[in-house]
Protein chains: 2
Amino acid sequence: MKIILDAMSGDLGPRPVVEAAAKVIAEKHIEVMLVGKPDAIEKAIAEAGVARDGISIKEASDVITMEDDPTSSIRSKKDSSMVVALKALSEGEGDALVSAGNTGALLTGATLIVKRLPGVRRGAIGTVIPTGEGRSLLIDSGANAECTPEYLVQFAHMGTAYMAGTQGIEKPRVGLLNNGTEEHKGAPLQKETHQLLKAEAGIHFIGNVEGRDLAAGAADVYVCDGFTGNLVLKTYEGVGMYFSKVLKTMFKRNVLTMLAALMFKKDIKDLKSRMDYREVGGAPILGINKPVIKAHGSSDARAFETAMGQAIRFHESGAVAKMAAALAPDKK
Amino acid sequence: MKIILDAMSGDLGPRPVVEAAAKVIAEKHIEVMLVGKPDAIEKAIAEAGVARDGISIKEASDVITMEDDPTSSIRSKKDSSMVVALKALSEGEGDALVSAGNTGALLTGATLIVKRLPGVRRGAIGTVIPTGEGRSLLIDSGANAECTPEYLVQFAHMGTAYMAGTQGIEKPRVGLLNNGTEEHKGAPLQKETHQLLKAEAGIHFIGNVEGRDLAAGAADVYVCDGFTGNLVLKTYEGVGMYFSKVLKTMFKRNVLTMLAALMFKKDIKDLKSRMDYREVGGAPILGINKPVIKAHGSSDARAFETAMGQAIRFHESGAVAKMAAALAPDKK
């Protein structure tokens, strides 16, 4: 397979992209197309001292920045690395795309250029969250602040296909994020969605789940509107950061605590790698015709490597075809 | 002052209520009215071996349980400890009320019996959350799953009066919980509320705040609808519980780790007391004519003590009068 990498849109420029590409090529025997300014990419390859085997470069002279307006930049910056990469994906020059750029622009571009699957109302962003039990997918995690029950049912299908395909879960458990577990809970959006999900074929619906169930890994797929998803995810992240800070202060107090901390080195490393976005990979953009992975804006080489691994699994699992089958308009 | 205590509605029965009452009476020189079954209360007093000074008992033969329907139980269980306690508060037999009972029933009862302040559209539940910086109030944390911009502006006033009064913060910073800090972010509810809060006199509005700002203590008052508030709070709680579990496992692995853990005893204790609901106290029910504090259902004596401390501050601060002034209908 061939992965298309937007080499320019991450905060750290092409260097970590190039390093990750070389590593994944060597390990997984895939090909990579790097999209961006050839000079900058060549310079990064030389500086990183990596082999060029399996790497091709596609020129794009512009870059969409984090400050650019998502919708207008996709239309106006036709020669940006993100737009050129999305076009290459759409035209079959590669099998999957990884970009660390502007989330809104990538979602808009994926929708306008790669296009939604037939019957899909809205593309959505799934976020893989680390839990006590493993990993779960929260969908939508921010693309659509306002949703209808129909969107949410489609998100349930997308999440099911993605988690079944990439994580090998036979029947992913789908939970509806709500303000209580009882069937009648929530605003009209949740009440109506609950009834639809209960009746929907191909969804292993386990009912409403609450905020505290997230960290416990009560479901494999958590469905919600993008407004709720964004708030819940950022709260999750914020509390995690707060605890890390407390732990760090505690262990770094003096020589004795630092010595004692050595004893917990493995635990801290395990916890960190469980909670670290670099290990979790990027966020899949779901409901469109090809696999697109949004990597974290400040991704280093390790984070790009994980996101590429995710792109490989996304492609090889055939999750897109499964979503297409579940959501095809003639199915209804 | 006199605090009215619903002695029957908590998970642990009257015993912890009686213990907390005796302790707070001795320390703060207040009076307490215990509402419930006299036999059970007398038995708890005898078993706890506490003094009867300052304690009076008001009979109520029934109890509203956690399983009871909030609205119908308030109407049908006229002789329940919660209803009798709310009536006593409404009729001036005490200055503030603490109950560890059914949240929905307490909110409904506070609205129907103690009644909303003039001009107030909806009563709301505020939850005091521990943050890296101290304490903040999240309002509404679950009472109203659906809100209008007008409700949210009223919540901002309630939160401002409560935090100014009980925490001595001169101009509490009010943040609107949203899926991004930019002014145009959110669903229509947030967009409209943002504009109203910007123009509202008497509110120190600092703009939109995100989920990750919660643990960092970016604002003193976080305003949101009850659906969002419930999810965010429970996510917060869930991640906290997950980290506690990880820490416990880490420290209890073997004799050496247990010895090392001794070194961090104070840190863990500090962290625990910062995050512990028993130290944070209960949730004030805001927008009604008298101070009502909802204590955690499983409150022990320490938790009741903290909730009583909160009731004292709520009463003594005159926060209800400040809310009344800010929300009076003739003000507009």
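The rules we used
Residue numbering note: each chain is counted from 1, following its sequence as written. Think of it this way: whatever chain is written first is A, whatever ligand is written first is 1, and the rest follow in order. For a predicted model such as this one, the threshold for reporting local features is a pLDDT of at least 70, and the threshold for listing and counting side-chain atom pairs is 80 or more; totals across whole chains, interfaces and linings nevertheless cover every residue. Excluding hydrogens and water, the side-chain values take into account all heavy atoms of the structure. We call two residues contacting when some pair of their heavy atoms lies within 4.5 Å. The term buried area refers to how much accessible surface (probe radius 1.4 Å) is lost by two components on association, counted for both of them together. Should a side-chain nitrogen of Lys or Arg be within 4 Å of a carboxyl oxygen of Asp or Glu, the pair is scored as a salt bridge. Distance and chemistry together define a polar contact, namely a pair of N or O atoms within 3.5 Å, with one atom able to donate a hydrogen and the other to accept it when in protein, and with adjacent residues in sequence counting only for side-chain atoms on both sides. In this description a helix means any DSSP run of H or I spanning at least four residues, a strand means any run of E spanning at least two, and both kinds are numbered starting from the N terminus. Polar here means any residue other than Ala, Val, Leu, Ile, Met, Phe, Trp, Tyr, Cys and Pro, which are nonpolar, and Asp, Glu, Lys and Arg, which are charged; Gly is therefore polar. One bridge is not enough; two strands pair if DSSP finds at least two bridges between them. The path from the first strand over the helix to the second decides the hand: if it runs clockwise while the strands point away from the viewer, the crossover is right-handed. Ring geometry is summarised as follows: Phe, Tyr and Trp rings, the Trp one being its six-membered ring, pair when their centres sit within 6.5 Å, and such pairs are stacked at plane angles under 30 degrees, edge-to-face over 60 and tilted between the two. Burial classification: accessible surface area is computed with a 1.4 Å probe over protein chains only, and a residue below 20% of its type maximum counts as buried, one above 50% as exposed, and the rest as partly exposed. For helices, the fitted axis covers only the stretch in contact; all axes are lines through C-alpha atoms, and the angles between them, taken along N-to-C directions, range from 0 to 180 degrees. Each angle gets one of four labels, with under 35 degrees taken as roughly parallel, over 145 as roughly antiparallel, 65 to 115 as roughly perpendicular, and the rest as oblique. Crossings are assigned a handedness: left-handed for a near helix turned anticlockwise from the far helix by less than a right angle, right-handed for a clockwise turn. The term disulfide is used for any two cysteine sulfur atoms that are within 2.5 Å. Exposure above 30% relative accessible area and the absence of a salt bridge qualify a residue for a patch, where like charges join within 9 Å and nonpolar side chains (Val, Leu, Ile, Met, Phe, Trp, Tyr) within 5 Å. Every accessible area reported is derived by Shrake-Rupley at a probe size of 1.4 Å, with residue values counting cover from the shown protein chains alone.

1. Let's talk about the interface of chain B and chain A
Phase 1: Across the contact, 45 residues belong to chain B and 45 residues belong to chain A.
Phase 2: Together chain B and chain A conceal approximately 4300 Å² of surface at their shared face, both sides included; 73% is due to carbon and sulfur atoms.
Phase 3: Per-residue buried area on chain B facing chain A is highest for Phe227(B), Tyr242(B) and Phe243(B); these three make up 16% of the total on that side.
Phase 4: Between the two partners, chain B and chain A, sit four salt bridges.
Phase 5: Our count for the chain B to chain A interface comes out at six residue pairs in polar contact (both at pLDDT 80 or more).
Phase 6: Those elements that place two or more of their residues in the side of chain B that touches chain A are α7 (188–199), α8 (211–216), α9 (226–251), α10 (255–263) and α11 (265–275) of chain B.
Phase 7: Tallying contributions element by element places α9(B) first for the side of chain B that touches chain A, with 18 residues.
Phase 8: A breakdown of the residues in the side of chain B that touches chain A according to their chemical character gives 24 nonpolar, 13 polar and eight charged.

2. A word on the pairing of strand β8 (residues 204–209) of chain A
Note on strand geometry: in a regular strand, side chains alternate between the two faces of the sheet.
Residue and element names in this part refer to chain A.
Phase 1: Summarising the sheet, strand β7 (residues 173–177) and β8 pair through five bridges and their orientation is parallel. For valine 174, the partnering residue across the bridge sits in β8 and is phenylalanine 205.
Phase 2: Following the backbone out of β7, through helix α7 (residues 188–199) and into the adjacent parallel β8, one traces a crossover that is right-handed.

3. Topic: the packing of aromatic side chains
All names here are of chain A.
Phase 1: Taken as a whole and assessed by the stated rule, the structure comprises two aromatic pairs over all chains.
Phase 2: Ring centres 5.0 Å apart and planes at 90 degrees place the aromatic pair tyrosine 162 and phenylalanine 314 in the edge-to-face group. One end of the pair, tyrosine 162, is in helix α6 (residues 149–167); the other, phenylalanine 314, is in helix α13 (residues 301–316), and 152 residues separate them in sequence. For the residue pair tyrosine 162 and phenylalanine 314, the accessibility class agrees, reading buried in each case.

4. Description of the sheet that holds strand β4 (residues 96–99) of chain A
Pairing between the strands of a sheet comes from backbone hydrogen bonds, and it takes one of two forms, parallel or antiparallel.
All names here are of chain A.
Phase 1: Strand order in the open sheet made by the 11 strands is β3-β2-β1-β4-β11-β10-β5-β6-β9-β7-β8, with mixed pairing throughout. Looking along the sheet, the strands with just one partner apiece sit at the ends: β3 (55–59) and β8. Strand-to-strand, the axes of this sheet are offset by a mean angle of 25 degrees, without reference to chain direction.
Phase 2: Of the strands in this sheet, β2 (31–36) and β3 touch helix α2 (residues 38–48), which is tilted by about 155 degrees from β3.

5. Looking at the packing of helix α6 (residues 149–167) of chain B against helix α14 (residues 319–327) of chain B
Residues and elements named next belong to chain B.
Phase 1: Between α6 and α14, whose axes approach to 9 Å, the crossing angle comes to 150 degrees. Comparing the axis directions of α6 and α14 gives the class roughly antiparallel. Crossing of α6 over α14 shows right-handed handedness. In this structure, α6 contributes Gln154, His157, Met158, Ala161, Tyr162 and Gly165 to the contact, and α14 contributes Ala319, Lys322, Met323, Ala326 and Leu327.
Phase 2: Considered class by class, the residues forming the contact of α6 with α14 number seven nonpolar, three polar and one charged.

6. A short note on unusual backbone geometry
Phase 1: In this structure, Asp140(A) follows Ile139(A) across a cis peptide bond, with omega equal to 5 degrees.
Phase 2: Structurally, Asp140(A) is set in the loop between β6 (134–139) and α6.

7. Some thoughts on the state of the cysteines
Residues and elements named next belong to chain A.
Phase 1: Tallying each qualifying case throughout the model produces zero disulfides over all chains.
Phase 2: Just so you know, cysteine 147 is unpaired, no disulfide at all, and the nearest cysteine sulfur is the one on cysteine 224, 8.1 Å from it.
Phase 3: Judged by relative accessible area, which is 15%, cysteine 147 ranks as buried.

8. Focus on the environment of Lys248(A)
Residue and element names in this part refer to chain A.
Phase 1: For lysine 248, the position within the fold is in helix α9 (residues 226–251).
Phase 2: When its relative accessible area of 51% is taken as the criterion, lysine 248 is described as exposed.
Phase 3: Once the C-alpha coordinates of lysine 248 and alanine 261 are considered, the two residues, 13 residues apart in sequence, prove to be 9.5 Å apart.

9. Details of the pairing of strand β10 (residues 283–286) of chain A
All names here are of chain A.
Phase 1: Along β10, one buried face is formed by Ala283 and Ile285 and the opposite face, lined by Pro284 and Leu286, is buried too.
Phase 2: Sheet analysis places strand β5 (residues 124–131) next to β10, joined by two bridges and oriented antiparallel. From the neighbouring strand, isoleucine 125 faces β10, where its bridge partner is isoleucine 285.
Phase 3: Note that β10 and strand β11 (residues 292–294) share three bridges and pair antiparallel.

10. Overview of a nonpolar patch on the surface
Phase 1: There is a patch of nonpolar side chains on the surface, built from Val255(A), Leu256(A), Leu259(A), Leu262(A) and Met263(B) and spanning about 500 Å² of accessible area.
Phase 2: Among the elements that make up the nonpolar patch, the one with the highest residue count is helix α10 (residues 255–263) of chain A (four residues).
Phase 3: By the element assignment, Leu256(A) lies in helix α10.
Phase 4: On the basis of relative accessibility, which here comes to 54%, the residue Leu256(A) falls in the exposed class.

11. Let's talk about the sheet that holds strand β2 (residues 31–36) of chain B
All names here are of chain B.
Phase 1: Read across the open sheet, the 11 strands follow the order β3-β2-β1-β4-β11-β10-β5-β6-β9-β7-β8; overall the sheet is mixed. Since the sheet does not close on itself, it has two edges, and those belong to β3 (55–59) and β8 (204–209), each with one partner. Across the sheet, the axes of successive neighbouring strands diverge by a mean angle of 25 degrees, strand direction being ignored.
Phase 2: Strand direction decides the pairing type here: strand β1 (residues 2–6) and β2, joined by five bridges, are parallel. Residue pairing for β2: lysine 2 is matched across the bridge by glutamate 31.

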